[in-house]
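A closer look at the structure
For reference, the chains in residue letters:
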Amino acid sequence: MGYLEDMLVRNGVIYRAPDGSSSYIEGSILSNSLVVRNSHGWVTHRIERASNGVDLVVRNVSTGLVEMRMAA
């Protein structure tokens, strides 16, 4: 997940705190999508396929809004 993780870190979705805590990407086999969890384990973002079936979108769980779109 190198490229995907780098892109999310640059856009502030994944953070690395100085105290060692960080958010991380986790795969979900049942829903066939990826999620970003914070250091407490709460899901903050979902990474899904866009409506065109090729691109990826990063959706904020609390607002439901798409924060970022990544071309495949």
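Report follows, based on the coordinates.

Analysis parameters
Residues numbered from 1 in each chain as written. Predicted model: local features only at pLDDT ≥ 70, side-chain atom pairs only at ≥ 80, totals over all residues. Heavy atoms only, no water. Core = buried A, V, L, I, M, F, W, Y, C linked by side-chain atoms within 4.5 Å. Buried < 20%, exposed > 50% of the residue type's maximum accessible area, 1.4 Å probe, protein only. Helix = DSSP H or I, 4+ residues; strand = E, 2+ residues; numbered from the N terminus. Contact = heavy atoms within 4.5 Å. Pairing = 2+ DSSP bridges.

Thoughts on the nonpolar core
Among the nonpolar cores identified, the biggest contains 11 residues, and these are Leu 4, Met 7, Leu 8, Val 13, Ile 14, Ile 25, Val 36, Ile 47, Val 58, Met 68 and Met 70. Among the elements of the structure, α1 (2-10) and β5 (66-70) are those that each provide at least two residues to this core. If we skip the residues at most four places from it in the chain, Ile 14 touches Glu 5, Leu 8, Val 9, Ser 23, Ile 25 and Val 36.

Quick word on the pairing of strand β2 (residues 33-37)
Remember that side chains alternate between the two faces of the sheet whenever the strand is regular. In this structure, β2 lies alongside strand β3 (residues 43-49), joined through four bridges in antiparallel fashion. Among the inter-strand pairings, Val 35 is bridged to a residue of β3, identified as Arg 46. In this antiparallel pair of consecutive strands, β2 and β3, the connection spans five residues, and Gly 41 shows a positive phi of 95 degrees.

Let's talk about the environment of Thr 44
As for its placement among the helices and strands, Thr 44 is situated in strand β3. With 37 residues separating them in the primary sequence, Thr 44 and Met 7 have C-alpha atoms 16 Å apart. In this view, Thr 44 contacts Val 36, Asn 38, Arg 59, Asn 60 and Val 61; residues no more than four positions away in its chain are not counted.

Coordinates in, geometry out; function isn't part of it.
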